[in-house]
Amino acid sequence: MLGAQQKSFLDALLAEHGDPSAAMSDIRGGVFSPAERLSIYRNNLRENFLKVLELEFPVVQRLVGADYFRQTARQFLLQSPSHSGDLFHCGHAFADYLRQQFAASDYAYLPDVAALEWAYQEAMIAADDARIFDIAGLAQLEQDSYDRLCLHPHPALRLLRSPYPIVAIWSANQPDATSDTRIDTGRGGDNALVTRALRSSRIDAIATGAAVFLQGLLDHRPLGLALEAATDTDPGFELEAALGPWIQGRVFVSWSLA
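Asks: Describe the pattern of salt bridges, naming the residues involved and giving the relevant values.
Replies: This model, assessed by the stated rule, comprises nine salt bridges. With a shortest N-O distance of 2.6 Å, Asp112 and Arg99 are connected by a salt bridge. Placement of the pair is Asp112 in helix α7 (residues 110–125) and Arg99 in helix α6 (residues 94–102), with a sequence separation of 13 residues. Given the relative accessible area of 13%, Asp112 is considered buried. Judged by relative accessible area, which is 34%, Arg99 ranks as partly exposed. Ionic pairing is found between Asp204 and Arg202, a salt bridge with its closest N-O pair at 2.7 Å.

Asks: Please give an account of the nonpolar core that cites residues and values.
Replies: By size, the foremost hydrophobic cluster in this structure holds 37 residues, and its most contacted members are Leu53, Phe57, Val60, Phe94 and Leu116. Listed by contribution, the elements that provide at least two residues to this core are α3 (34–56), α4 (58–64), α5 (66–79), α6, α7, α9 (166–172) and β3 (190–197). The dominant element in this core, judged by the number of residues it contributes, is α7, at seven residues. Apart from the residues lying within four places of it in its own chain, the contact partners of Phe57 are Phe69, Gly91, Phe94, Ala114, Glu117 and Trp118.

Here is what the cut-offs are and how they apply
Residues numbered from 1 in each chain as written. Predicted model: local features only at pLDDT ≥ 70, side-chain atom pairs only at ≥ 80, totals over all residues. Heavy atoms only, no water. Salt bridge = Lys/Arg side-chain N within 4 Å of Asp/Glu carboxyl O. Helix = DSSP H or I, 4+ residues; strand = E, 2+ residues; numbered from the N terminus. Buried < 20%, exposed > 50% of the residue type's maximum accessible area, 1.4 Å probe, protein only. Core = buried A, V, L, I, M, F, W, Y, C linked by side-chain atoms within 4.5 Å. Contact = heavy atoms within 4.5 Å.

Bear in mind that shape data such as this cannot, by itself, settle questions of function.
This is how it looks when you write it as structure tokens:
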């Protein structure tokens, strides 16, 4: 009985149109009528959901405009309502939703921009890892062991590879951006590396060779295979130039031998 009442009430909250009378009989009147009470709940649910999406996807909102963003977010709410009182995670499927809406349009880049913004949000709340990378132990390895070396990433690390210049788009639409330069979305893609230093996330564009190498390591391939794939893609890829800053920046926190 209680489960049926709860489902009826939820359906009434999410219904933009339709007859909410099934839920009305379970809502007490008073200063406000059952319809008014339902309207208050519905408005709070919708506005809180939209506010969280606005905070999580400010670049997407700026690109499409506030009114269109709200319209899109309301439709997204109907398809993917939050299943938790913690609304942070309500944006996890937003990029996929935008991909359904814009895949064959002039705005096909929007889902990848949204995916980048969500990766940024995930990086902010990812678990920490207090391990200090064992440089001394790594230096003692025999050289013929390096091919079997596996590097383990910090939990906040995210890598996105897009056919669109998503890092350039994201950077140009930050509050402190000083340029209004138009970005050609057909000029080529970006490889976005999302990391976190302390409690602040950051986004950097990295070269294709570095992205292939990093993806190999994230796929649990030993260093030798990851390096081979990277140099096949980009013969100019330099391992030392990429690996040193990543270790210093805590992109990786530990190592082991395959």
